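Each chain, written out:
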Amino acid sequence: MRGDLSSVLFTEQEIQARVRELAARIDQDYADKSVLLVGILNGAVMMMADVSRAMRIHCEMDWMAISSYGSGVASSGVVRILKDMNTSVVDRHVLIVEDIVDTGLTLSYLVENLRSRNPASIEICAGFRKPEAVAARHVEVKYLGFDIPSDFVVGYGLDYAGRYRNLTGLGILDPKVYS
């Protein structure tokens, strides 16, 4: 798999160090609150597992599956909820855990959808963000792992056509793989 990468952006050690920093901030910010972590399948599985295990406060977890990609390398722009949560968010402090903020359009849709369900608060934790590609400027990521270039990246939960999610670091996928 690593031969399919043109470069490694972040190693497993760098990602884990940043995850611990984010979890400490979350612990501090939610110390006196009950927080519901909402992971976005499938990409956020790694981030959700690592952040939740690094946290020292109690939390609950639930999952949603939302799609705007298919098997390509660019967002289709059409957002679909494939799996909704089982937990009510009414009067809950919701922390959305996302793998990557690319255009921000899917996340913007999700935040508006969850706001309509009357939570006490909504914040976002994302492993990675492509600042040049963020079309939805009003989506604020409170807990951010790393800003990355606009290249197509894989690893740490991020995939291409269902592959590469299990890489422990994050790398740029060589265009020869998907062209």
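Details of the structure are given in the entry above.
The rules behind the values
- Residues numbered from 1 in each chain as written.
- Predicted model: local features only at pLDDT ≥ 70, side-chain atom pairs only at ≥ 80, totals over all residues.
- Heavy atoms only, no water.
- 1 Å grid on protein atoms, 1.4 Å probe; cavity = no way out; pocket = protein on both sides within 12 Å on 5 of 7 lines; lining within 4 Å.
- Points joined across faces, edges and corners; volume = space filled by probe spheres on them.
- Helix = DSSP H or I, 4+ residues; strand = E, 2+ residues; numbered from the N terminus.
- Nonpolar A, V, L, I, M, F, W, Y, C, P; charged D, E, K, R; others polar.
- Salt bridge = Lys/Arg side-chain N within 4 Å of Asp/Glu carboxyl O.
- Buried < 20%, exposed > 50% of the residue type's maximum accessible area, 1.4 Å probe, protein only.
- Contact = heavy atoms within 4.5 Å.
- Pairing = 2+ DSSP bridges.
- Phe/Tyr/Trp six-rings, centres within 6.5 Å; stacked < 30°, edge-to-face > 60°.

### Observations concerning the layout of surface pockets
Argument step 1. Computed from the structure, the second largest pocket encloses a volume of approximately 160 Å³.
Argument step 2. Taken together, Val111, Glu112, Arg115, Ile122, Glu123, Ile124, His138, Val139 and Glu140 make up the full set of residues lining the second largest pocket.
Argument step 3. Of all the secondary-structure elements, those providing two or more residues to the lining of the second largest pocket are α3 (105-115) and β6 (121-129).
Argument step 4. Taken together, the residues of the lining of the second largest pocket break down into four nonpolar, one polar and four charged.

### Topic: the pattern of salt bridges
Two side chains with opposite charge may pair up if their charged atoms get near one another.
Argument step 1. Evaluation of the coordinates by the stated rule reveals ten salt bridges.
Argument step 2. Among the salt bridges present, the one from aspartate 50 reaches arginine 53, with a minimum N-O distance of 2.4 Å. Separated by three residues within a single helix, aspartate 50 and arginine 53 lie in helix α2 (residues 45-54), roughly one turn from each other.
Argument step 3. By relative accessible area, which is 58% here, arginine 53 ends up exposed.
Argument step 4. For lysine 176, the salt bridge goes to aspartate 174, with nearest N and O atoms at 3.9 Å.

### Describing the environment of lysine 130
Argument step 1. Within the secondary structure, lysine 130 is located in the loop between β6 and β7 (143-147).
Argument step 2. Considered as a pair, lysine 130 and glycine 155 are 25 residues apart in the sequence and their alpha carbons are 15 Å apart.
Argument step 3. Aside from chain neighbours lying at most four places away, what touches lysine 130 is Ile100, Val101, Asp102, Ile148, Pro149, Ser150, Asp151 and Phe152.

### A closer look at the sheet that holds strand β1 (residues 5-10)
Argument step 1. Strand order in the open sheet formed by three strands is β1-β9-β8, with antiparallel pairing between adjacent strands. A single partner strand is all that each edge strand has here, and the edge strands are β1 and β8 (153-154).
Argument step 2. Bridge count between β1 and strand β9 (residues 170-173): four bridges; the pairing is antiparallel. Residue pairing across strands places valine 8 opposite glycine 171, the latter belonging to β9.

### Description of the packing of aromatic side chains
Argument step 1. Overall, the coordinates contain seven aromatic pairs when judged by the stated rule.
Argument step 2. Relative to phenylalanine 146, the ring of phenylalanine 128 has its centre 6.1 Å away and its plane inclined at 20°; by these criteria the two rings are stacked. With phenylalanine 128 in strand β6 and phenylalanine 146 in strand β7, this pair connects stretches of sequence that are 18 residues apart. We note that phenylalanine 128, like phenylalanine 146, is buried.
Argument step 3. Taken together, a centroid distance of 6.3 Å and an interplanar angle of 90° make the contact between phenylalanine 128 and tyrosine 156 edge-to-face. Here tyrosine 156 lies in the loop between β8 and β9 and phenylalanine 128 lies in strand β6, a separation of 28 residues in the sequence.
Argument step 4. Members of the aromatic cluster, each reached through a chain of ring pairs, are Phe10, Phe128, Phe146 and Tyr156.

### Quick notes on α3
Argument step 1. For α3, the set of buried residues is Thr106, Leu107, Ser108, Leu110, Val111, Asn113 and Leu114.
Argument step 2. Its buried side turned inward, α3 meets β2 (35-41), β3 (59-67), β4 (80-83), β5 (93-101) and β6.

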